[in-house]
There are 2 protein chains.
Amino acid sequence: MYQLNSILENKVINNLISGFERSPYQLNKPHESDAEIIQLNDNTKFAITTDSISEEISTGLYDDPYLTGWMIVTVNISDLAAVGASPLGILISEIIPKDFTNAKVTDLQRGISDACKAYNTFVLGGDTNEGDRLILTGTAIGIINKEKPLTRIGCKPGDILFSSGKLGSGNAFAISKFVSKTNSFTEYRPVAQIKNCSVISKYASCRVDTSDGFISTVDQLVRLNNVGFKLGSDWLNAIDNDALNYVKNLSIPAWLLLAGQHGEFELIFTIPKDLKAEFLDDALNNGFEPIELGKVISEKEVKINIYGNLIPINTTLIRNLPTEASGDVKHYLKLLLEYDYQLKNEPCLNFTSH
Amino acid sequence: MYQLNSILENKVINNLISGFERSPYQLNKPHESDAEIIQLNDNTKFAITTDSISEEISTGLYDDPYLTGWMIVTVNISDLAAVGASPLGILISEIIPKDFTNAKVTDLQRGISDACKAYNTFVLGGDTNEGDRLILTGTAIGIINKEKPLTRIGCKPGDILFSSGKLGSGNAFAISKFVSKTNSFTEYRPVAQIKNCSVISKYASCRVDTSDGFISTVDQLVRLNNVGFKLGSDWLNAIDNDALNYVKNLSIPAWLLLAGQHGEFELIFTIPKDLKAEFLDDALNNGFEPIELGKVISEKEVKINIYGNLIPINTTLIRNLPTEASGDVKHYLKLLLEYDYQLKNEPCLNFTSH
């Protein structure tokens, strides 16, 4: 069974919120939406979301202050893009270590400022504390003018699965940081898809961002919508070229660029089949070229064509690996490669209980 | 000169935000308001504020998970109360250490839940990460229906200075945690003044909460309004009885309950003299008994009657002591007691350059 609670992260969240009452004005249930959606009055809804950057810093994934600043804005604005909210701004709480140099602070704040400019939004306020290491928490707020906000719920078998852009740069960047520091992948500065979210909103049946990587993203859609996904046989075309060349050189299989949990902050969305042509026309007229990834199927599986077979991926196992590895990134990558080895050499053993 | 930048904390904030553009919809400037105030449309403003609890945990001040949960809601809702916003809810990002027991997590979440119930508000969402130690960041949002929101700006000489309640419990609690663990002060569970903020809003010229203790609070008002404050000779009546008895037993002077920077989350506000009677009537009808503290004066000083003299307190020195003590709480208390010794024994040396 694809239950939400089979994913340890979902279970932790459900435990934490089990004693909380829900606001009568909140339109989404837990897990259903990238941002919280609150009905303000008849005409206005707002979307609000909070995300911290902590483990990415403590593990060494983000060691560049400019990128870290850019990311705290991007991860939060991306959640607003997923629900189709126009950003009003962001608040940022910064825990800054004593030994953080002035130059690093300047770079951090420049990353924040540049990202805000890129999304035409503003830092509205914040908080500052001193701590052992850098930790940032952002909270972004936006307004939804559409009658029915777009959430993670709503895709149906037959719908077409799209991505707003190429996938895999987040995981190539992570591999470069943790596995092969000599051969670095530096092309990582994801852009929250605020620009393209309006045209998607007109047609899509559900939408989510790839903050946790593609497979985790669609696995959550499986659990929420009781459907599955089958990627087209040409799924490699959806992989970022630089990321693809990068892992080829390291002899790491390309599909792991979809499996790792460091995302690229593209939007994953589904379009009802009969709206596809109209959507693609409209998108093109807006200078936006979405990538068709596959389709929604009724079996609750995520199927990808690898090693010559259409394989149902054990997305439960993949999503729970970070917890199993207790935050040890190298151990996590080893477990991921072990699963790949099994798919390649013992596909009949592929453990698919969810 | 009482400049904002003479306070090291203000200077740090001003440096951090120096490269940021302000939102054209934001009604307050930096430092002017406890919460950020954003014009949404002709009829609606919202207030949003973010506050982390980090140093309070790392120093051992908050070692009770229930209190910590209560506080992350209270500190943020208190900022909404200061600007007169009705809370819509709060988002909480939690960094939870691996060794935090289930029982502690339950207590933490119960504190959050109880505080939300007390303020008739809701946890709207959040984020969870694993880290070395517990760090909470809350972001509260509320709606302001009043035409002109109440900020820290607006008091004039002659206005009467009030507090929504007794002062000093926050600092008595801190002394109990850091100085005298055997003789504990346990009566600390501050309540954000949401209930009383409407009646104050009708009359007040400015308002702020005492999150950083009374003296820091009024010092910031001095810098923002170019006025001063003179406490009435009966200021001891405004001190919480339990806190007063507690410090008496430790031979710590009572005025230090106003000087320490762990607040009690009361509202400090000023009422124009000619509105005082009407305000007090209205308050009483609402079951609210504000405490008259003193008055606004034109000299930019904070004057308190201690050791037989009306002494202008060196609030700049007091506010910068935590930075001077580099976060060493015992050293901070020592510096505070040294300043008290000087006031008591060498009042003519009282250093009042700001």
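Within each chain, residues carry numbers counting from 1 in the order of the written sequence. The naming scheme follows written order: chains are lettered A onward, ligands numbered 1 onward. Local features in this predicted model are restricted to residues whose pLDDT is 70 or higher, and side-chain atom pairs enter the listing and the counts only when it is 80 or higher, whereas totals over whole chains, interfaces and linings include all residues.

Trainee: Requested: an account of the overall build of chain A, with residues and values cited.
Mentor: A helix here means a DSSP run of H or I that spans at least four residues, while a strand means a run of E at least two residues long, and both kinds are numbered starting from the N terminus. Looking only at helices and strands, one finds 12 helices and 12 strands in chain A. What the globule rule says is 2.2 Å times the number of residues to the power 0.38, and the radius of gyration is computed from C-alpha atoms. Relative to a compact globule of 354 residues, whose C-alpha radius of gyration would be 20 Å, chain A shows 20 Å and is just as compact. Seen along its three principal axes, the alpha-carbon backbone of chain A occupies a region of about 55 × 50 × 45 Å. Intrachain contacts of chain A at a sequence separation of at least 6 include 82% that bridge at least 24 residues. Distance between backbone-placed C-beta atoms decides contact: two residues are in contact if it is within 7 Å.

Trainee: Could you give an account of the interface of chain B and chain A, naming the residues involved and the relevant values?
Mentor: On the chain A side, the residues contacting the 45 residues of chain B number 45 residues. Elements that contribute at least two residues to the side of chain B that touches chain A include exactly helix 1 (8–17), strand 1 (36–39), strand 2 (45–53), helix 2 (55–58), strand 3 (86–97), helix 4 (102–118), strand 4 (123–131) and strand 5 (135–144) of chain B. With 9 residues, the single largest contributor to the side of chain B that touches chain A is strand 4 of chain B. Amino acids are sorted into nonpolar (Ala, Val, Leu, Ile, Met, Phe, Trp, Tyr, Cys and Pro), charged (Asp, Glu, Lys and Arg) and polar (every other residue, Gly among them). When the residues that make up the side of chain B that touches chain A are grouped by side-chain class, the tally is 16 nonpolar, 20 polar and 9 charged.

Trainee: Pulling in residues and values, what's your account of the domain arrangement of chain A?
Mentor: Residues and elements named next belong to chain A. For chain A, the domain assignment lists domain 1 (21–144) and domain 2 (160–349). For the domains described, the bounds stem from an automatic or database domain assignment. Spacing between the C-alpha centres of domain 1 and domain 2 amounts to 23 Å. Contacts between domain 1 and domain 2 engage 20 residues on the former and 20 residues on the latter. Among the elements that take part in the side of domain 1 that touches domain 2, helix 3 (residues 65–83) stands out by supplying 9 residues, more than any other. Class assignment for the residues of the side of domain 1 that touches domain 2 results in 10 nonpolar, 6 polar and 4 charged.

Trainee: Which residues make up the pairing of strand 7 (residues 206–209) of chain B, and what values go with them?
Mentor: Residue and element names in this part refer to chain B. Residue alternation in strand 7 divides its side chains into two sets, Cys206 and Val208 and Arg207 and Asp209, and both sets are buried. Sheet topology note: the strand 7/strand 9 (residues 267–271) ladder contains 4 bridges and is antiparallel. Of the residues in strand 9, the one forming a bridge with Val208 is Ile268. Exposure classification rests on a simple neighbour count of other C-beta atoms within 10 Å of a residue's own: a residue reaching 20 or more is buried, one at 12 or fewer is exposed, and one in between is partly exposed. C-beta atoms are placed from the backbone. DSSP bridges decide pairing: two strands pair if at least two such bridges lie between them.

Trainee: Could you give an account of the sheet that holds strand 6 (residues 160–163) of chain A, naming the residues involved and the relevant values?
Mentor: Residue and element names in this part refer to chain A. With mixed pairing, the 7 strands of this open sheet are ordered in space as 7-9-6-10-8-11-12. Bordering the open sheet on either side are strand 7 (206–209) and strand 12 (309–312), each of which pairs with just one other strand. For this sheet, the mean inter-axis angle between neighbouring strands, taken without regard to orientation, is 25 degrees. As defined by bridge partners, strand 6 adjoins strand 9 (residues 267–271) across 4 bridges and the pair is classed as antiparallel. When the bridges of strand 9 are listed, Phe162 appears paired with Phe269. What counts as an axis is a line fitted to C-alpha atoms, over the stretch in contact for a helix, and the angles between N-to-C directions run from 0 to 180 degrees.

Trainee: Describe unusual backbone geometry, and please don't skip the residues or the numbers.
Mentor: Of note in this structure, Tyr307 of chain A is not a glycine but carries a positive phi near 50 degrees. Assessed through the 13 C-beta atoms surrounding it within 10 Å, Tyr307 of chain A is described here as partly exposed. The phi dihedral of Ser251 of chain B is positive, around 55 degrees, even though this residue is not glycine. Take Ser251 of chain B: there are 6 C-beta atoms within 10 Å of it, and that puts it in the exposed class.

Trainee: I'd like to hear about helix 3 (residues 65–83) of chain B, residue by residue, with values.
Mentor: All names here are of chain B. In this scheme, a helix's expected span is set at 1.5 Å multiplied by one less than its residue total. End to end, helix 3 covers 28 Å across 19 residues, agreeing with the expected 27 Å (1.5 Å per residue, within 8%). Within helix 3, 18 of the 19 residues are buried, which leaves it mostly tucked inside the rest of the structure. Just beyond helix 3, the residue with positive phi is Gly84, at close to 80 degrees.

Trainee: Pulling in residues and values, what's your account of the sheet that holds strand 3 of chain B?
Mentor: Hydrogen bonds between backbone groups are what pair the strands of a sheet, and the pairing can be parallel or antiparallel. All names here are of chain B. With mixed pairing, the 5 strands of this open sheet are ordered in space as 1-2-5-3-4. Every interior strand has two partners, whereas the edge strands, strand 1 and strand 4, have only one. Recorded for the sheet is a direction-independent mean angle of 15 degrees between the axes of neighbouring strands. In the sheet, strand 2 pairs with strand 5 via 9 bridges, with the strands oriented antiparallel. The partner of Thr50 across the bridge, within strand 5, is Thr139.

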